[in-house]
Amino acid sequence: MKFVFASDSFKGSLSSQRISELLEQSARQVFPGCETVKLAVADGGEGTADTVTKALGGVWRTIPVKGPLGEERRAAYGLLPGGGAIIEMAAASGLPLVPEEQRNPLYTTTFGVGQMIADALEQGCREFWLAIGGSATNDGGMGALEALGVRFLDEKGAPLPGIGASLERVRSVDTSGLLPQAREAKFYVLCDVDSPLTGEQGAAFVFAPQKGADAPTVVRLDRGLCQYADVAAAHLGQDLRNVPGAGAAGGLGFGLMAFLQAQLRPGVEAVLDLLDFDRQIEGADLVITGEGRMDSQSVRGKVPAGVGKRCLQAGIPAVAIAGSLGHGYEAIYDCGIRSVVTTVSGIMPLQEAMERAEELYRDAARRLFSLYACGAGKKENPDSI
């Protein structure tokens, strides 16, 4: 009997790694001697770099960078075996790094993200995976590109700083100084946002208010992004502003696509590929996934949906364990998940459920494997009762 465990973390209570350990313990109580494969999985959001770095046996590298307001700080990224790097943009340019009273995307930058890329290039990395959620920025990626040697120039040919306020002043771009190593590298952007760069569904109108922009600032930023996109289109010979995901992270998705030829990929799909998921599940009898709360949003790029779809394609049954169920969770069944088991065994406050998370998860896992044993026609192991 072979089981594969590939659950997202239960935020604030259980890590993906610990969940796999609990599943393994329960599986071996009911199915002594079973084969287990433990995969820590994430969806491209917060914690993805940590999950992937640990899972692949990578190492952390911490360097000095400029934070979102240009302040000096330190940020870490993962160096992966085989010359790869995984970077979370939020480590250098994330919204939590900016005090609430100072939040204004006219003045925040992705420069620190570019510094992490530049450092990884110096370490010999030529394959990059960038998780770009949680940004404090709306600079179109100008800051990151500036750190890599690209210059954005005003009408007098003077270089502009990579901040949101510079977008409307861009008149030309000079890529001759782009680091040569960057031209040799492959970039994959982990992104589940499908917003274009500009317009009512774009980076400024949808996301800038969350980063401290008032209504006039939103209009100014969108106008600036249009100008920036016009200049980029003239330089590149193609217009990428309407590509789904171009508006992610305040337009960082656009900047990486336009000037580094980055590919935008759904976060969970990229992570599953990094973990060689399709090979890992070969010959599996059951795959178990899950997340803290399963609802209608679970089918939109979350771990259970990604895992379920891969299992469906491979003809392998998949089930999920969730902390709780919300409205519309049933849509997950269309993604290949056969059944969902909840950890909460009765009415209880959220705080209690989180404090007892490990105990409740272990009980849910035991129930799941006992039910599976019934379906498989296996008698319960009396020693485990």
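Higher on the page you've got the structure.
Residues numbered from 1 in each chain as written. Predicted model: local features only at pLDDT ≥ 70, side-chain atom pairs only at ≥ 80, totals over all residues. Heavy atoms only, no water.

Turning to the pattern of salt bridges, a few remarks are in order. Taken as a whole and assessed by the stated rule, the structure comprises 26 salt bridges. Salt-bridge contacts for Arg223 lead to Glu168; the nearest nitrogen and oxygen are separated by 3.8 Å. A residue pair is termed long-range when its members are at least 10 positions apart, and Arg223 in helix H8 (residues 215–236) and Glu168 in the loop between strand E7 (151–153) and strand E8 (172–174) qualify at 55 residues. You can call Arg223 partly exposed: its relative accessible area is 47%. Connected through salt bridges with shared partners, the residues Arg265, Glu269, Asp273, Asp278 and Arg310 form a single ionic network. (Salt bridge = Lys/Arg side-chain N within 4 Å of Asp/Glu carboxyl O. Helix = DSSP H or I, 4+ residues; strand = E, 2+ residues; numbered from the N terminus. Buried < 20%, exposed > 50% of the residue type's maximum accessible area, 1.4 Å probe, protein only.)

It is worth spelling out the pairing of strand E5 (residues 84–88) at this point. Counting buried positions over the five residues of E5 gives five, a clear majority of the element. In E5, alternate side chains face the same way, and those of Gly84, Ile86 and Glu88 on one face and Ala85 and Ile87 on the other are all buried. Across three bridges, the pairing between strand E4 (residues 72–80) and E5 is antiparallel. Its bridge partner lying in E5, Gly78 is registered against Ile86. What sits between E4 and E5 in their antiparallel hairpin is a turn of three residues, with Gly82 showing a positive phi close to 85°. (Pairing = 2+ DSSP bridges.)

A few words on the environment of Phe277. Checked against the element boundaries, Phe277 lands in helix H11 (residues 277–280). Distance in space between the C-alpha atoms of Phe277 and Gln25 is 22 Å, their sequence separation being 252 residues. Here Phe277 is in contact with Ala6, Leu39, Leu272, Val287, Val307, Arg310 and Cys311, once residues within four sequence places are set aside. (Contact = heavy atoms within 4.5 Å.)

A few words now on the sheet that holds strand E9 (residues 186–190). Pairing is mixed in the open sheet, where six strands are placed in the order E3-E4-E5-E6-E9-E10. Edge strands, defined here as strands with exactly one partner in the open sheet, are strand E3 (59–66) and strand E10 (263–265). Strand-to-strand twist of the sheet, defined as the mean angle between neighbouring strand axes without regard to direction, takes the value 25°. For strand E6 (residues 127–131) and E9, the ladder comprises five bridges, and the chain directions are parallel. Across the sheet, Phe128 pairs through a bridge with Phe187, a residue of E9. Against the sheet, helix H4 (residues 111–122) engages E3, E4, E5, E6 and E9, with an angle of about 135° to E3. (Axes fitted to C-alpha atoms, helices over the stretch in contact; angles between N-to-C directions.)

Okay, the sheet that holds strand E2 (residues 35–38) next. Reading across the sheet, the five strands line up as E2-E1-E11-E12-E13 and stay open at both edges, with parallel pairing between neighbours. With partners counted over all chains shown, the strands left at the sheet margins are E2 and strand E13 (337–342), one partner each. Neighbour-to-neighbour, the strand axes of this sheet turn through a mean angle of 25°, independent of strand direction. In this structure, strand E11 (residues 286–294) lies alongside strand E12 (residues 318–325), joined through seven bridges in parallel fashion. Residue pairing for E12: Thr289 is matched across the bridge by Ala320. Lying on the sheet, helix H12 (residues 303–314) is in contact with E11, E12 and E13; it crosses E11 at an angle near 160°.

On to unusual backbone geometry. Positive phi, normally seen in glycine, also occurs at Ala249, with a value near 55°. Mapped onto the secondary structure, Ala249 falls in helix H9 (residues 248–260). Relative accessible area serves as the criterion here: at 10%, Ala249 is assigned to the buried category. For Asp276, which is not glycine, the phi dihedral falls at a positive 55°. Along the chain, the position of Asp276 falls in the loop between helix H10 (267–274) and H11.

Attention now goes to the packing of H8 against H9. With their axes 11 Å apart at the nearest point, H8 and H9 run at an angle of 15° to one another. With respect to each other, H8 and H9 are oriented roughly parallel. In terms of crossing hand, the pair formed by H8 and H9 is left-handed. Within the contact between the two elements, H8 uses Tyr228, Ala229, Ala232, His235 and Leu236 and H9 uses Phe254, Gly255, Ala258 and Phe259. (Parallel < 35°, antiparallel > 145°, perpendicular 65-115°, else oblique. Left-handed = near helix turned anticlockwise from the far one by under 90°.)

Next up on the list: the environment of Phe128. Checked against the element boundaries, Phe128 lands in strand E6. Take Phe128: its relative accessible area is 0%, and that puts it in the buried class. Each C-alpha atom of the pair Phe128 and Val41 lies 18 Å from the other, and the pair is 87 residues apart in sequence. Setting aside residues up to four positions removed in sequence, Phe128 forms contacts with Ala85, Ile87, Ile117, Ala120, Leu121, Ala185, Lys186, Phe187 and Tyr188.

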